Amino acid sequence: YVRVSGQTSVKWGFNGLNLNVEHFGFERSEGKIGARILVDLTIPDVVTIRLTAEKIATTGGGWEFRGNTGQQIEIKKLIQALDPKAVLPPALEGVTVENLAVSFNTNSKTVTFRCQGTIPLGAEGPMLACTVDIAMDGTSKKATLGGTLTVGDAEFTLQFEKDNTKKALRATWQYQEGKPRLNV
């Protein structure tokens, strides 16, 4: 049985990005190898992305890679941090993304992606909050896109689902006590 692990507070910088290795570890026991690394990748003044890579010490187990933000990201700031010369279209003003997450397993070939965000549809007007969930496992693929459109005090819910066998679109509005009734 061999185990090596550690932590570091050393931060490395490259191309305006900062990388901090929070934890690393490696173990070998009875011919089985396991490893784990936790890294924070920071785009200054924009977002910190938590990245992990882990292989459980079992026979035939694959690597699990994950990354997530867990915080709100202004698309304009992100694009300008990556390319200061970029000219953004007005449609991206005020667009935010949050809870951006992705994972991949090398054994099952499963990929999952999740994103939530908001899109203002005018200075004082409606707001669209949306979610995107995509899961693929090599043979099947399932995508779910959903959101809410808020117009004044009325809230409309939208959901689209697609997999290998079906496509479904659902749009709903439900009266809520204390909120104005919809006049059509």
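Nothing here was measured: the structure is a model prediction, and the numbers come from that model. Per-chain numbering applies: the sequence of each chain, read as written, is numbered from 1 onward. Predicted model: local features are reported for residues with pLDDT of at least 70 only, side-chain atom pairs are reported and counted for 80 or more only, and whole-chain, interface and lining totals are derived from all residues. The basis for every side-chain value is the complete set of heavy atoms in the structure, and neither hydrogens nor water enter the calculation.

A. The arrangement of the nonpolar core in detail. Residue types Ala, Val, Leu, Ile, Met, Phe, Trp, Tyr and Cys, when buried and joined through side-chain atoms within 4.5 Å, form a set referred to as a nonpolar core. Burial classes follow relative accessibility: with a 1.4 Å probe on protein chains only, a residue under 20% of its type's maximum area counts as buried, one over 50% as exposed, and anything between as partly exposed. Leu17, Leu41, Ile43, Val46, Val47 and Ile73 together form the largest nonpolar core, which totals 6 residues. For this analysis, residues touch if any pair of their heavy atoms sits within 4.5 Å. Ile73 has contacts with Val46, Val47, Leu78, Val95, Thr96 and Val97, leaving out every residue within four places of it along the chain.

B. Structural detail: the pattern of salt bridges. Salt bridges are defined by distance alone: a side-chain nitrogen of Lys or Arg within 4 Å of a carboxyl oxygen of Asp or Glu. The full count for this structure, using the stated rule, is 6 salt bridges. Across the pair Arg50 and Asp40 runs a salt bridge, and its minimum N-O distance is 2.7 Å. Of this pair, Arg50 sits in strand 5 (residues 47–55) while Asp40 sits in strand 4 (residues 32–43), placing them 10 residues apart in sequence. When its relative accessible area of 14% is taken as the criterion, Asp40 is described as buried. Residue Lys166 pairs with Glu161 through a salt bridge whose shortest N-O separation is 3.7 Å. In this description a helix means any DSSP run of H or I spanning at least four residues, a strand means any run of E spanning at least two, and both kinds are numbered starting from the N terminus.

C. Highlighting the pairing of strand 13 (residues 167–173). In this analysis, strands are considered paired if DSSP registers two or more bridges between them. Relative to strand 13, strand 12 (residues 154–162) runs antiparallel, the two being bridged by 7 bridges. Residue pairing across strands places Leu158 opposite Ala171, the latter belonging to strand 13. Hairpin connection from strand 12 to strand 13: 4 residues lie between these consecutive antiparallel strands.

D. Examining a nonpolar patch on the surface more closely. Taken together, the side chains of Trp63, Phe65 and Phe104 make up a nonpolar region of the molecular surface, amounting to roughly 260 Å² of accessible area. Assessed through its relative accessible area of 32%, Trp63 is described here as partly exposed. A patch is a set of surface residues, each over 30% in relative accessible area and not in a salt bridge, joined within 9 Å for like charges and within 5 Å for the nonpolar side chains Val, Leu, Ile, Met, Phe, Trp and Tyr. Calculation of accessible area relied on Shrake-Rupley with a 1.4 Å probe; when residues are assessed, cover is drawn exclusively from the protein chains displayed.

E. The packing of aromatic side chains, seen in detail. Between 30 and 60 degrees the pair is tilted, below 30 it is stacked and above 60 it is edge-to-face, where a pair is any two Phe, Tyr or Trp rings, Trp via its six-membered ring, whose centres lie within 6.5 Å. Following the criterion strictly, the structure yields 1 aromatic pair and no others. Plain terms: the ring middles of Trp63 and Phe65 are 6.0 Å apart, the flat faces sit at 20° to each other, and that makes the pair stacked.

F. Representation of the environment of Gln80 in the model. Secondary-structure assignment places Gln80 in helix 1 (residues 75–82). Taking the relative accessible area as the measure of exposure, Gln80 reaches 34% and is therefore partly exposed. Note: C-alpha distance between Gln80 and Val46 (34 residues apart in sequence) is 9.8 Å.

G. Inspection of the pairing of strand 12 at higher detail. Judged from the 9 bridges that link them, strand 11 (residues 141–151) and strand 12 form a sheet pairing that is antiparallel. What sits directly across from Thr150, in strand 12, is Glu155.

H. Spatial organisation of unusual backbone geometry. Residues other than glycine seldom take positive phi values, yet Asp45 does so here, at roughly 65°. Tracing the sequence through the fold places Asp45 in the loop between strand 4 and strand 5.

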